[in-house]
Amino acid sequence: MDLSATIIGDFVRGNGAVPVACLGLVGLGALSWRGPKLRGTTLVAPWVWSLVALASLAATEILIALSGSPPPEWAAQLRFAAAVSTFCPAMALFGAKRPQNRGWQLVVLSLWAILSLPSIEWLLFGGLREIHPARCWFLAVLMAVGAANGLGTRYWPSSLLYCGGQLALVAPFISAQAVQGASLARLAGMSALVLAWLLIAAELPRRRAAAWPLDRAWLDFRDGFGAVWALRVAERMNASASMYDWPLTLTWRGFVARPSGATAGVPSTVEESLRTLLRRFVSPDWIDARLGQSARDPNVITPVA
């Protein structure tokens, strides 16, 4: 309790270098642990942007703390630019499809620049002004979309924590007067982001068991890439199922039998189609690790009540 009180007290008084450095190291450890598991997938770009956001937040607070007290005039400008960098990982995820995923990073960088425009205006014209309501609504929509993308996956607690962290970091800038007393909000925001990264690195909550390899590949993809890409892949799979009259369909929880299917067993084209769709996001090794030598076992497909 005494240590926690000391850390919070230092942060509130403006001597935030120590707590920010500690949070930064914890976040770096979580992201470093997670990074190797993303090799061969297009999730590397969102991971890199997460590192950028963490570095921006930590470096900004450490720089301001080392500059002395009271904080310099440019402190709020840097803090806002660092706060909106947290929107970059989610935006990178929405473009995580080969081959456009590399060019998409320019869109992510452009978004960061656009969101940081108030910082530039404050630097050029001096003083702090309230953010225009249109920009506030834009930030709110980005937060909601990012959080919704993780709902329904096993990483939903991290999505909510991350959204809460973004809200805590950005909310003080809605009012010019609130910026001056936002130390606790910044500490809470950074803590929420780091906790979200820790949960993902620890793969919590644990993934549910999947007896069928096709389900294992689907659930891991769904949880890693979120609702936007998962729904798109499911749509494509079910369109093929209808066209070729496959005996199964893909739901949010996995593959289930379709009573109207005209053939017995699972056609090889089901696995081939899933592999083709997932290769736009992950490597063949990633798919093989989940599908194994064969994913076609007609005895394990049962309808879900």
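These figures come from a predicted structure and were not determined experimentally. (Residues numbered from 1 in each chain as written. Predicted model: local features only at pLDDT ≥ 70, side-chain atom pairs only at ≥ 80, totals over all residues. Heavy atoms only, no water.)

Engineer: How should I be thinking about the overall build of the protein in this particular structure?
Structural biologist: The helix and strand inventory of the protein stands at 13 helices and two strands. Residues classed as buried in the protein amount to 47% of the 305 residues present. Long-range contacts, defined as pairs at least 24 residues apart, comprise 70% of the intrachain contacts of the protein with a sequence gap of at least 6. Carbon and sulfur atoms make up 66% of the accessible area of the protein, which totals about 15100 Å². (Helix = DSSP H or I, 4+ residues; strand = E, 2+ residues; numbered from the N terminus. Buried < 20%, exposed > 50% of the residue type's maximum accessible area, 1.4 Å probe, protein only. Contact = heavy atoms within 4.5 Å. Areas by Shrake-Rupley, 256 points an atom, 1.4 Å probe, with all protein chains shown as cover.)

Engineer: Where do I start with the packing of aromatic side chains in this structure?
Structural biologist: Between two aromatic rings, the relevant description is the distance of the centres plus the angle of the planes. Scanning the entire structure with this criterion turns up 13 aromatic pairs. Taking 5.7 Å as the distance between ring centres and 85 degrees as the angle between the ring planes, the aromatic pair formed by Trp 212 and Phe 255 counts as edge-to-face. Of this pair, Trp 212 sits in the loop between helix H10 (183–201) and helix H11 (213–244) while Phe 255 sits in strand S2 (residues 254–257), and the two are 43 residues apart along the sequence. The pair formed by Trp 212 and Phe 255 is uniform in burial state, with each residue classed as buried. Taking 6.5 Å as the distance between ring centres and 85 degrees as the angle between the ring planes, the aromatic pair formed by Trp 218 and Trp 252 counts as edge-to-face. Of this pair, Trp 218 sits in helix H11 while Trp 252 sits in the loop between strand S1 (248–251) and S2, placing them 34 residues apart in sequence. A residue is classified by how much of its surface remains accessible, and Trp 218, at 0% relative accessible area, is buried. (Phe/Tyr/Trp six-rings, centres within 6.5 Å; stacked < 30°, edge-to-face > 60°.)

Engineer: Looking at this structure, how should I read the packing of helix H3 (residues 44–66) against H10?
Structural biologist: When two helices pack together, their arrangement is given by the angle between their axes and by how far apart the axes lie. Contact geometry of H3 with H10 gives a least axis separation of 12 Å together with a crossing angle of 150 degrees. Accordingly, the angle class assigned to the pair H3 and H10 is roughly antiparallel. The two elements H3 and H10 meet at a crossing, and its hand is left-handed. Facing H3, whose interface residues are Ser 50, Leu 54, Leu 57, Ala 58 and Glu 61, H10 presents Arg 186, Met 190, Leu 193 and Trp 197. Its residues placed into classes, the contact of H3 with H10 shows six nonpolar, one polar and two charged. (Axes fitted to C-alpha atoms, helices over the stretch in contact; angles between N-to-C directions. Parallel < 35°, antiparallel > 145°, perpendicular 65-115°, else oblique. Left-handed = near helix turned anticlockwise from the far one by under 90°. Nonpolar A, V, L, I, M, F, W, Y, C, P; charged D, E, K, R; others polar.)

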